[in-house]
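Residues per chain are reported as follows:
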Amino acid sequence: MSTSDFTKLKTSITRRGFIREAAAGSAALTWLGGHTPNAFASETAKPALLGGAPVHQRGWSEWPKWRESWEPAVLRVLRSGKWFRGEGGHVAEFEAAYAKLLGAQRCLATASGTTALLVALHVMDVDAGDEVIVSPYTFVATYNAILINKALPVFADTDPATLTMDPKSIESRITDRTRAVLPVHIYGMPCDMDPINAVARKHKLGVIEDACQAWLAEYRGRKCGNFGDLACFSFQNSKHIPSGEGGAVTGNSDDLMDRCHAFHNVGRATGNFRGEKPYFTRGSNYRMQQFQAVILMQQFDKLVQETARRRENADYLSAQLKQIPGIQPARLPETSRPVWHLYPLRYDATQFSGLARDKFLKALSAEGIPCSGGYHEQYFDGLLDEAINSRGFKRLFGAERLKAYRESFQELKGNREVCATTVALPQNLLLAERADMDHIIEAIRKLQKHSAALR
Ligand SMILES: Cc1ncc(COP(=O)(O)O)c(C=O)c1O
């Protein structure tokens, strides 16, 4: 989710800021309790957009939350004056704990998800003039990380059923400049990594997972963050484990992870990655601060508990919503377990008297159900035109390649369909009670019943 989407979501729910979660664990959600489910009673009432009463009237749990019990640890860092990674152990402690949580060999904490991607792309040797095959259905930071390396983000298509990279669309996009494939586990839904890795192996390409929305998501019994050469996570404020800003790279190769560490730490020697002179390699400063690490360390139990809650509610929603004509929950790769950073469904207006998706979104929001259309076709927004018209890109790629590249956006039919028909619910809705899930279902049924009037 982009920061602006998140800002809109926050203002649509509440204007209050960072919320204190006074009690530990799921007890913090009990304020939502005490409701007697009134199974679909208001389905026949007038839609809120036309002056009726909203189906859901009591708001939703706010995000993010902290617990009072976290405060002493944060205060200790403040009072120590040891705020940067080089002077304290919290960042290293977080790295070890996060790697263990994911079952990965190594983790490197970074300043953000974007900087994690920059580190991974550099270490996978994505250089100026290279191409990276990437999911178009993602937050724009994924595109930018490639562009900043002066490489071309070449878009694979999106599978409309899964909303993730269509593995069948990769091979035809490989050129002699392709260095890596960058699938995105969007909304915490794992990509089908086996066929993606198979095609990457066949063509000797690196694989970087964008797992920035996929903390604890699983594919074939293993956690996302273990399927590529390297994987990237974000701990930005809207994320399921937030620290304001923050990120991580995970991997199972000591060589690659030593290189990542060196690059994120201004090129300083790490492990076996060293030279004869101190400044033997390029690097930047993408380090995480102690404050970020200590806040993240407090949240492991909360993340695990809330992930279970989101899964339970999402499974219930999917089972109910797929029975509504015109509503299609995402299809997941077999044996995968998503974590639902957003809960997406595909909307077919023809089953709603032709009610346009945007009007449906307005009407659903009016019923007290915050929602958005997810990502749009961002490659038409101008950033890629700006990049390919820049001196550097023109010099690195011939005019013919850049023209064909620009035209190739029109081929992304699956992605276009997903962008035009998705309805996405924010993750905090999935932290509520079963009765609140019934409100979501009830609201959609209500809109269907009144779709002709709403249109
Ligand atoms: C899919 C995806 N990739 C990359 C990023 C970038 O992460 P950050 O905002 O921490 O830099 C995000 C964060 O929103 C994201 O959702």
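Predicted, not measured: the structure shown is a model, and the values here were computed from it.

Peer 1: Which residues make up the site of the ligand, and what values go with them?
Peer 2: The environment of the ligand is formed by 17 residues, the closest being Gly113, Thr114, Gln213, Ser234 and Lys239. Taking Gly113, its main chain carries an N or O atom lying 2.8 Å from an oxygen atom of the ligand. With respect to the ligand, the side chain of Gln213 contributes an N or O atom lying 2.8 Å from an oxygen atom. Relative to its unbound accessible surface of 390 Å², the ligand loses 95% to contact with the protein. Looking at the shell around the ligand, the elements that each hand over two or more residues are α4 (113-123) and α5 (141-148). Per element, the largest residue contribution to the shell around the ligand is 3 residues, and it comes from α4. Its residues placed into classes, the shell around the ligand shows 6 nonpolar, 9 polar and 2 charged.

Peer 1: Please provide a residue-by-residue account of the confidence of the model for the protein chain, values included.
Peer 2: When pLDDT is averaged along the protein chain, the result is 92, and 91% of the positions lie at 70 or above. Predicted confidence for residues 1-20 stays below pLDDT 50, and this span has 38 contacts to residues more than four positions away or in other chains. Here residues 22-39 is a poorly scored stretch, pLDDT under 50, and it has 30 contacts once near neighbours within four places are set aside; other chains count.

Peer 1: Before we move on, could you go through the pairing of strand β7 (residues 206-210) and cite the residues and values that matter?
Peer 2: Within β7, 5 of the 5 residues are buried, which leaves the element mostly enclosed by the surrounding structure. Residues of β7 alternate between two faces, with Gly206, Ile208 and Asp210 on one and Val207 and Glu209 on the opposite face, all of them buried. With 2 bridges connecting them, strand β6 (residues 178-182) and β7 associate as parallel partners. Residue Ala180 lies in a different strand from β7, and its bridge partner there is Gly206. Handedness of the β6-helix α6 (residues 193-202)-β7 crossover: right-handed. Across 3 bridges, β7 lies against strand β10 (residues 230-234) in parallel orientation. In the strand pairing of β10, Glu209 is matched with Ala231.

The rules behind each value
Residues numbered from 1 in each chain as written. Predicted model: local features only at pLDDT ≥ 70, side-chain atom pairs only at ≥ 80, totals over all residues. Heavy atoms only, no water. Near = heavy atom within 4 Å. Polar contact = N/O pair within 3.5 Å; in protein donor to acceptor, adjacent residues only side chain to side chain. Areas by Shrake-Rupley, 256 points an atom, 1.4 Å probe, with all protein chains shown as cover. Helix = DSSP H or I, 4+ residues; strand = E, 2+ residues; numbered from the N terminus. Nonpolar A, V, L, I, M, F, W, Y, C, P; charged D, E, K, R; others polar. pLDDT = per-residue confidence, 0-100. Contact = heavy atoms within 4.5 Å. Buried < 20%, exposed > 50% of the residue type's maximum accessible area, 1.4 Å probe, protein only. Pairing = 2+ DSSP bridges. Right-handed = clockwise from strand over helix to strand, strands pointing away.

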